[in-house]
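Close look at the chain arrangement
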Amino acid sequence: MNTEKDFSPLTPNIVRALNDKLYEKRKVAALEIEKLVREFVAQNNSTQIRHVIQILASEFALSQHPHSRKGGLIGLAACSIALGKDSGLYLKELIEPVLTCFNDSDSRLRYYACEALYNIVKVARGAVLPHFNLLFDGLSKLAADPDPNVKSGSELLDRLLKDIVTESNKFDLVAFVPLLRERIYSNNQYARQFIISWIHVLESVPDINLLDYLPEILDGLFQILGDNSKEIRRTCEVVLGEFLKEIKKTPSSVKFAEMANILVIHCQVTDESKVTNDLIQLTAMTWMREFIQLAGRAVLPYSSGILTAVLPCLSYDDRKKNTKEAASACNYSLMKLVTPEDDDDEDDGRSSSVESLAREEKGDGGEGLNASQDAVGFSNISFFAPASIDRSHVTLDLDGIVQVLDRHLHDASTGMMTRIAVLKWIYHLYIKTPRKMFRHTDSLFPMLLKTLSDESDEVILKDLEVLAEIASSPAGQTDPAATCDVVDGGLALKVPDKAGKTAGAESSPSTPSMNSYFYKFMINLLKRFSVERKLLESRGAFIIRQLCLLLHAENIFHSMADILLKEEDLKFASTMVQTLNTILLTSAELFQLRNQLKDLRTPENCALFCCLYRSWCHNPVATVSLCFLTQNYKHAYDLIQKFGGLEVTVDFLMEVDKLVQLVESPIFTYLRLQLLDVESNPYLIKALYGLLMLLPQSQAFQLLSHRLQCVPNPELMRTVDGSKRADSKEGGAAAAGPRERAPHAHVDYGELLRHFDSVQGKHLEVRHQRSGRVGELPDRKLM
């Protein structure tokens, strides 16, 4: 440094000492500067004071020579001490050169700069707050300093500054938040520790309302929550916990929508290998749960984003039990918010006429949804739209919800509990908002049908509930799109013209009305059984039984019988009839329907019998069992007489074997009791003997033979009942026994036999075609 340069009012001795390499000499110079400045203060000579500070800053603190810089720093600290309470008038000139030295490459110099600033701040106290951002920026750099001495000095300064902020009520939070938002994304561990400690302090000051600015720093807090340091994570957890407590106390002032986007992002784990991600996800899910409970229906417009985050968590195992429970609570609370009033909301800009126009433009009502699915991949996040929170009336984001639910159903990796939750949501929406949901039915329907092939019984049960609700909902009866033909794989099947019609005028008056989706469901269900024979074998009976509980059993059997009449795959038709017949005869769910068929005195029950009979003709043994069930024993005998012209295969005899087993079951208890009245039921006995003659010498043969041996002698029965019969004749009553049945006026049995012959003729023709030569016996034919 040029010692001949004029540094007045600093004396040459002071200048020389400030440039000395020895700390003690620089300290002596600082004491001289302090005396000099005190004199100027006493004289109220601010010009000279500024001149001294300017010389110390430019000629020393910002000098190229390291010792000069050290002298300048101690000199500026001495000026501040001398100024005392008046230092606030010169803080900008005092602080800026010191902060510049924070970037010096010499660690000793950085330490002296930290020491100088500490003395300046200690004297000025609250006066430094207008310069807080500069101080915070400098400190944030020193917090990550590699030199332990510098870091230790910065911590002392940091504590001092925190004390000043805590004591003061003049802290400018608005000016500070942008800097905080910028620095909160630092990846340096020490910088993160510094940031989170400051947030903790500011959050604890009563006069500082940091909650208003939480949306701007919440994402950064979750980033810090993933730090590798346990101490930092623990501090961050405490800070987030304090914020959440404050949110619960003052929910009306919380900006839920602006923060919910952040929670949606952090509820979704992108790297499961990082343990810290579990903590982030659990914390975010806990916040989401509280947000839903506190904000109520205000979150409905943003439901799709919440579900995007919540649904995958429902399939977590016990390793993430807490996260799963929080997600389940979120899901349950959100579902409760949807009410029937969401179906009547007109704030979405759709009047009934507009809805009709929209359906016409979209065709089947699913084009809009498919388009959005093409544009948005499954991994994309559904974000909230904060701007819509200002609307006076809350609108359910139904389209977005359905899109999220549909994506999860289509994704093969979706866990079982998530699939169940998705189906529960769809069912809930059909219950609460049926009118709006039926706009999406055509797009959802194929996937709901496909879900019937799921491996989980629970999933299938919930899926059947959804399909049953779609099929029976009154909202589906007015949908014009529902009257179209159902086309699958190029085969067009007509849906009956009247949606509420089970089978024309033949349906029972007590049968609930079904909409046109009921027929679509039945047609496509049978097609699925036809294509997936394993599904029919493993789950067919289970699915049909559950449908009989959810819908009306008569509807299920009536409609399937009608559809099977048109079935071109005769082998499948026979298999399906056999399955339906087994269900009809053995399932507790079909008790009422069996009772209907036992009593053919009403036209409706006769019509039901005829409908089933025509399809049952695809399977001769099933047809006989239907006649047994309806107590049409003469017709059963007539059918068995025709069995002589049929091809008796092993499969055929196995079916006869099963029928014999059924005769011995509780279902046919009434039939066995009727064997006591031999004279009134001769055709029942003949029919059973006919089955006996069909069977080879087998266990079933022995079983039926023993049963027929138990039939009482008619002469003995006549002796016992003779007096009763005589009394009956004298009273003008018919001589027939109590169980004798006259032919039903509503049933043309001759026509039914002709129909049986026709159907079996088709089966015979198909079997011959498959065998390759006319007259060749098919495989498994008994020789």
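Throughout this description, residue numbers start from 1 for each chain and increase along the sequence as written. At least 70 in pLDDT is required for a residue's local features to be given in this predicted model, at least 80 for side-chain atom pairs to be given and counted, and no such filter applies to totals for whole chains, interfaces and linings, which use all residues. The side-chain values count all of the structure's non-hydrogen atoms but skip hydrogen atoms and water molecules.

Moving on, we come to the overall build of the chain. Only DSSP runs of H or I covering at least 4 residues are called helices, and only runs of E covering at least 2 are called strands; the numbering of each starts at the N terminus. Tallying secondary structure elements over the chain gives 37 helices and 2 strands in all. In this scheme, a residue with accessible area under 20% of its type's maximum is buried, one over 50% is exposed, and one in between is partly exposed, where area comes from a 1.4 Å probe on protein chains only. The buried share of the chain, taken over its 783 residues, is 52%. A contact between two residues is defined here by any heavy atoms of the two lying within 4.5 Å. Relative to all contacts within the chain whose residues are 6 or more apart in sequence, the contacts with residues 24 or more apart total 75%. Methods summary: accessible areas were calculated by the Shrake-Rupley approach with a probe of 1.4 Å, and residue burial reflects only the protein chains presented. Carbon and sulfur atoms make up 51% of the accessible area of the chain, which amounts to about 36,000 Å² in all.

Moving on: the pattern of salt bridges. By convention in these notes, a salt bridge is any Lys or Arg side-chain nitrogen within 4 Å of a carboxyl oxygen on Asp or Glu. If you walk through the whole model with that rule in mind, you get 32 salt bridges. Lysine 162 is the salt-bridge partner of aspartate 158, the closest N and O atoms lying 2.9 Å from each other. Placement of both aspartate 158 and lysine 162 in helix α8 (residues 148-167) is noted, with a separation of 4 residues, approximately one turn of the helix. Across the pair, lysine 162 and aspartate 158 agree in class, each one buried.

With that settled, consider the environment of serine 87. Its place among the elements puts serine 87 in the loop between α4 (66-83) and α5 (91-100). Note on serine 87: relative accessible area 0%, which makes it buried. With 41 residues separating them in the primary sequence, serine 87 and valine 128 have C-alpha atoms 9.5 Å apart. In this view, serine 87 contacts Ser80, Leu94, Val123 and Ala124; residues no more than four positions away in its chain are not counted.

Another aspect to go through is the confidence of the model for the chain. Of all residues in the chain, 82% have pLDDT values of 70 or greater, and the mean over the chain is 84. Note on scores: pLDDT gives the predictor's confidence for each residue, bounded by 0 and 100. The spread of mean pLDDT over the elements of the chain runs between helix α18 (residues 367-375), the lowest at 32, and helix α20 (residues 416-432), the highest at 96. Ignoring residues within four places in sequence, the model shows residues 479-512, a span with pLDDT below 50, making 67 contacts including any to other chains. Below a pLDDT of 50 lies the segment residues 720-740, which in the model reaches 17 contacts outside its immediate sequence neighbourhood of four places, other chains included.

Each Phe, Tyr or Trp ring, with Trp reduced to its six-membered ring, pairs with another whose centre is within 6.5 Å; inter-plane angles below 30 degrees give stacked pairs, above 60 give edge-to-face pairs, and intermediate values give tilted ones. Applying the stated rule across the entire model yields 24 aromatic pairs. Ring centres of phenylalanine 171 and phenylalanine 176 lie 5.6 Å apart, and the angle between their planes is 65°; on these two criteria the pair is classed as edge-to-face. An identical accessibility class is assigned to phenylalanine 171 and phenylalanine 176; each is buried. The interplanar angle of 80° and the centroid separation of 5.4 Å between the aromatic rings of phenylalanine 643 and phenylalanine 652 together place this pair among those described as edge-to-face. Considered together, phenylalanine 643 and phenylalanine 652 belong to a single accessibility category, that of buried residues. Ring pairs connect the aromatic residues Phe132, Phe136, Phe171, Phe176, Phe194 and Trp198, which therefore count as one cluster. Whether a charge sits over a ring comes down to the Lys NZ or Arg CZ being within 6 Å of the ring centre and within 35 degrees of the ring normal. Over the face of the ring belonging to tyrosine 316 we find lysine 320, whose NZ or CZ atom lies 4.5 Å from the ring centre. When the ring centre of tyrosine 427 is taken as origin, the NZ or CZ atom of lysine 462, which lies over that ring, is 5.8 Å away.

Leu10, Leu221, Phe521, Phe557 and Phe628 are the most contacted members of the largest nonpolar core, which has 242 residues in total. Sequence-distant contacts of leucine 10, defined by excluding residues within four places in its chain, comprise Val15, Ile33, Leu36, Val52, Ile55, Leu56 and Phe60. As used here, the term nonpolar core means buried Ala, Val, Leu, Ile, Met, Phe, Trp, Tyr and Cys residues forming a set that is joined through side-chain atoms within 4.5 Å.

Once that is clear, we can look at the packing of helix α27 (residues 570-586) against helix α28 (residues 591-598). Note on geometry: axes are lines fitted to C-alpha atoms, helical ones only across the stretch in contact, with angles between N-to-C directions running from 0 to 180 degrees. Two elements in contact, α27 and α28, have axes whose closest approach is 8 Å; the angle formed by their N-to-C orientations is 95°. The angle between α27 and α28 falls in the class roughly perpendicular. For the pair α27 and α28, the contacting residues are Ile583, Leu584, Leu585 and Thr586 in the first and Leu593, Arg594 and Leu597 in the second. Only Asp, Glu, Lys and Arg are considered charged in this grouping, and only Ala, Val, Leu, Ile, Met, Phe, Trp, Tyr, Cys and Pro are considered nonpolar; every other residue, Gly among them, is considered polar. Grouping the amino acids of the contact of α27 with α28 by side-chain chemistry returns 5 nonpolar, 1 polar and 1 charged. The scheme is simple: roughly parallel for angles under 35 degrees, roughly antiparallel for over 145, roughly perpendicular for 65 to 115, oblique for anything else.

Here the focus is the state of the cysteines. Criterion for a disulfide: a pair of cysteine sulfur atoms within 2.5 Å. In total, this model carries 0 disulfides according to the counting rule given. Not part of a disulfide, cysteine 610 finds its nearest cysteine sulfur in cysteine 606, a span of 6.6 Å. Free cysteine: cysteine 617, not disulfide-bonded; nearest cysteine sulfur from cysteine 627 at 8.5 Å. Relative accessible area serves as the criterion here: at 0%, cysteine 617 is assigned to the buried category.

Within the sequence span of helix α31 (residues 633-642), burial applies to Tyr633, His635, Ala636, Leu639 and Ile640. Taken end-on, α31 shows its buried residues confined to a sector of 155°, consistent with a single buried face. The directions from the helix axis to the C-beta atoms are what the arc is built from.

Its place among the elements puts serine 68 in helix α4. Residue classification places serine 68 among the buried positions, given a relative accessible area of 1%. Pairs of N or O atoms are called polar contacts if they sit within 3.5 Å, as long as, within protein, a hydrogen donor faces a hydrogen acceptor (for residues adjacent in sequence, only side-chain-to-side-chain pairs). For serine 68, the side chain forms a polar contact with the side chain of asparagine 19, separated by 2.5 Å.

Considering the arrangement of structural elements, one finds aspartate 147 in the loop between α7 (132-142) and α8. In this tally Asp and Glu are treated as negative and Lys and Arg as positive; neither His nor the chain ends contributes. There is no salt bridge for the buried aspartate 147, and the closest opposite charge comes from arginine 110, which lies 5.5 Å off by N-O distance. Within the structure, the side chain of aspartate 147 is placed 3.1 Å from the backbone nitrogen of valine 150, a separation counted as a polar contact. Beyond its immediate sequence surroundings of up to four residues, aspartate 147 is in contact with Ser107 and Arg110.

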